[in-house]
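# Observations on the model geometry
Below are the chains, spelled out letter by letter.
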Amino acid sequence: MASMHKPTQTANSADRLVFSQSLSLRQKAHKLIPGGAHTYAKGDDQFPEQTPGFIVRGKGCHVWDLDGNKFIEYGMGLRAVTLGHAFEPVVEAAYRQMQLGANYTRPAKIEVEFAEAMLEVIDGADMVKFAKNGSDVTTAAVKLARAYTGRDLVVICADQPFFSTDDWFIGTTEMNAGIPSAISEMTLKFRFNDLNSLKQLFERYPDQIACVLLEAEATVPPARNFLQQVKELCEKEGAVLVFDEMITGFRWHIGGAQKFHGVVPHLSTFGKAMGNGFAIAALAGNREIMQLGGLDHEKSRVFLLSTTHGAETHALAASLETLRTYRERNVVEVLWRQGELLRTQIRRSIAENRLEGFFEILGRPCNLVYATRDQHGDPSQAFRTLFLQELIRRGVIAPSFVVSIAHSDADIERTAAAICEAHAVYRKALDEGVEKYLKGRPVKPVNRKYN
Ligand SMILES: Cc1ncc(COP(=O)(O)O)c(C=O)c1O
């Protein structure tokens, strides 16, 4: 049978990429910035050695690195960019607002406008408060739940990788240096799709659990009624249910995974795609809990997300325009459709290259990720690095296969050709040894104890 994929017509031809300028800036970056970057997930240890070190420009789903190499990008700013880089209506809305001033002594009118627009799409939320980072709003949800319930313990989902940069979460990871154990010990874990594991915590710590915090869905869908049962259990036990919608929000559905799955939490947190790359995050929830951060109650005041830049006006203008675009262009539908197109091609390539059991594509079409396994079927960072390396050589940067609406059919077709060739190398590496094909050291997980 003829190969499904013609030899590559990718953005760059394999092996001709030069990264000399990136390489020299990288040395300087590591002298000036711990880790050489401001986000661990973008760091050098997350990519192969032959990799674009720095991006200077993005447009749509394409980025250009310091050496002038052009790539099709996936993941798109750690999932913050769903409309494409430098999406003009959003950039223009932000620019128009900037000309009116970024920050005033009294609140800006646009704070109320965007609050109203946001609450129209989030079912069950009566109030919202904005911030700059997802970590800040998940932490705010935890604090609010503690204040509301008068309890200290926090329960998070053990199968989901990230909730916040703050101590209550990072203290539970391998990378917990600098965090007192007294703090880490107040965060407990249950298993996704395992209601009993949650019940056991409530039994073991009666009247002590303030909240249960999880993503309604990550790579594994919730079992039938699981989310509803978690909510019922929380209500029975007097705990607050929080959905972290940083990834699922504005992706599963315009109303988030809570709308998609039909379960409304007491509090939910958003960020990433909300502003198409501009810094914005939100804590939304029901009035009874949220108002503890306000001025109209008799209880102890909760210091809820009061920051200098929380309501920076141009980020709010960018978010308003992003939301308008979501409605006008059926953004969520396009994300699912383009992801599905890509998934079909990836599955075909897996079959063509006999990689079943070694390369897995996971998650919903709007949020595709992949898993790499070695010749024994064990999870392998070396094979992940090899795959990344072979894609980069062919003009594709893909730590995940998370698409934006700027990924056209032609971009997906080009990516599929690159994947098929990268998979062919993967196959050879399985048969002959990964070290024969991998140039340099493998990547490492972000959350690890030692370098
Ligand atoms: C599920 C989830 N929650 C929270 C966060 C934290 O968001 P931020 O990086 O904006 O602080 C992230 C970031 O990756 C995330 O994926």
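Structural notes, computed from the coordinates. (Residues numbered from 1 in each chain as written. Predicted model: local features only at pLDDT ≥ 70, side-chain atom pairs only at ≥ 80, totals over all residues. Heavy atoms only, no water.)

### Section: the side chain of Q389
With respect to the helices and strands, Q389 occurs in helix α14 (residues 381-393). From its side chain, Q389 meets the backbone oxygen of Y437 in a polar contact 3.0 Å long. In this view, Q389 contacts P48, Y437, L438 and K439; residues no more than four positions away in its chain are not counted. (Helix = DSSP H or I, 4+ residues; strand = E, 2+ residues; numbered from the N terminus. Polar contact = N/O pair within 3.5 Å; in protein donor to acceptor, adjacent residues only side chain to side chain. Contact = heavy atoms within 4.5 Å.)

### Regarding the sheet that holds strand β3 (residues 70-73)
Spatial strand order, β1-β2-β3-β13: four strands in an open sheet with mixed pairing. Strands at the two margins of the open sheet, each flanked by one partner only, are β1 (55-59) and β13 (396-397). This element, helix α15 (residues 409-432), spans β2 (62-65), β3 and β13 of the sheet and lies at about 100° to β3. (Pairing = 2+ DSSP bridges. Axes fitted to C-alpha atoms, helices over the stretch in contact; angles between N-to-C directions.)

### Focus on helix α13 (residues 331-352)
Compared with an ideal rise of 1.5 Å per residue, which puts 22 residues at 32 Å, α13 spans 32 Å between its outermost C-alpha atoms and is within 8% of the ideal. Downstream of α13 by one or two residues, R354 has phi in the positive range, about 55°. (Expected span 1.5 Å × (residues − 1).)

### Topic: the environment of T187
Within the secondary structure layout, T187 lies in strand β6 (residues 187-190). Between the C-alpha atom of T187 and that of E73, which follows or precedes it by 114 residues, the distance is 36 Å. The residues touching T187, leaving out its near neighbours within four places in the chain, are V154, I156, W168 and T172.

### Considering the site of the ligand
N133, G134, S135, F162, F163, E215, D244, M246, I247 and K272 make up every residue found near the ligand. Within the contact set of the ligand, a nitrogen atom lies 3.4 Å away from a backbone nitrogen or oxygen of F162. K272 places a polar side-chain atom, nitrogen or oxygen, 2.9 Å from an oxygen atom of the ligand. Calculation on the ligand without its partners gives an accessible area of 390 Å², and the protein chains cover 80% of this total. For the shell around the ligand, a count of residues per class yields four nonpolar, three polar and three charged. (Near = heavy atom within 4 Å. Areas by Shrake-Rupley, 256 points an atom, 1.4 Å probe, with all protein chains shown as cover. Nonpolar A, V, L, I, M, F, W, Y, C, P; charged D, E, K, R; others polar.)

### Brief notes about the sheet that holds strand β7 (residues 209-214)
Spatially, seven strands are ordered β4-β10-β9-β8-β7-β5-β6 in an open sheet, and the strand pairing comes out mixed. In the strand order of this sheet, the two ends are held by β4 (127-131) and β6, each with one partner. Strand-to-strand twist across the sheet, computed as the mean angle between neighbouring axes with direction ignored, equals 20°. In this structure, β7 lies alongside strand β8 (residues 240-244), joined through four bridges in parallel fashion. Opposite L214, over in β8, you have F243 as the bridge partner.

### Observations concerning α14
Taking 1.5 Å of rise per residue, 13 residues should cover 18 Å, and α14 covers 18 Å from first to last C-alpha, within 8% of that figure. Extensive coverage of α14 is indicated by the burial of twelve of its 13 residues. All of the buried residues along α14 are A382, F383, R384, T385, L386, F387, L388, Q389, E390, L391, I392 and R393. Residues of α14 that are buried sit in contact with β3, β11 (359-362), β12 (369-372), β13 and α15. Two or three places before A382, at the opening of α14, S380 has a side-chain oxygen 3.3 Å from that residue's backbone nitrogen. Just beyond α14, the residue with positive phi is G395, at close to 85°. (Buried < 20%, exposed > 50% of the residue type's maximum accessible area, 1.4 Å probe, protein only.)

### Topic: the environment of G275
Mapping G275 onto the fold places it in the loop between β9 (267-270) and β10 (281-285). Classification of G275 by relative accessible area gives buried; the value is 0%. The spatial distance from the C-alpha of G275 to the C-alpha of A317 is 8.6 Å, given a sequence separation of 42 residues. Setting aside its immediate chain neighbours within four residues, G275 contacts V90, I280, A318, S319 and T322.

### Some remarks on the packing of helix α12 (residues 313-329) against α13
Relative to each other, α12 and α13 sit at 70°, their axes nearing to 6 Å. One element, α12, and the other, α13, form an angle in the roughly perpendicular class. Contact residues: α12 offers T325, Y326 and R329, while α13 offers V331, V332, V334 and L335. Tallied by class, the residues present in the contact of α12 with α13 amount to five nonpolar, one polar and one charged. (Parallel < 35°, antiparallel > 145°, perpendicular 65-115°, else oblique.)

### Describing the pattern of salt bridges
By the definition in use, this model includes 22 salt bridges. The residue R26 makes a salt bridge to D44 at a minimum N-O spacing of 3.4 Å. With R26 in helix α1 (residues 20-32) and D44 in the loop between α1 and β1, this pair connects stretches of sequence that are 18 residues apart. The same class applies to R26 as to D44, namely buried. One salt bridge in this structure joins D207 and R151, with 3.6 Å as the shortest N-O distance. Taken together, the residues D207 in the loop between α8 (195-204) and β7 and R151 in the loop between α5 (134-149) and β5 (153-157) connect sequence positions 56 residues apart. We classify R151 as buried; its relative accessible area is 12%. (Salt bridge = Lys/Arg side-chain N within 4 Å of Asp/Glu carboxyl O.)

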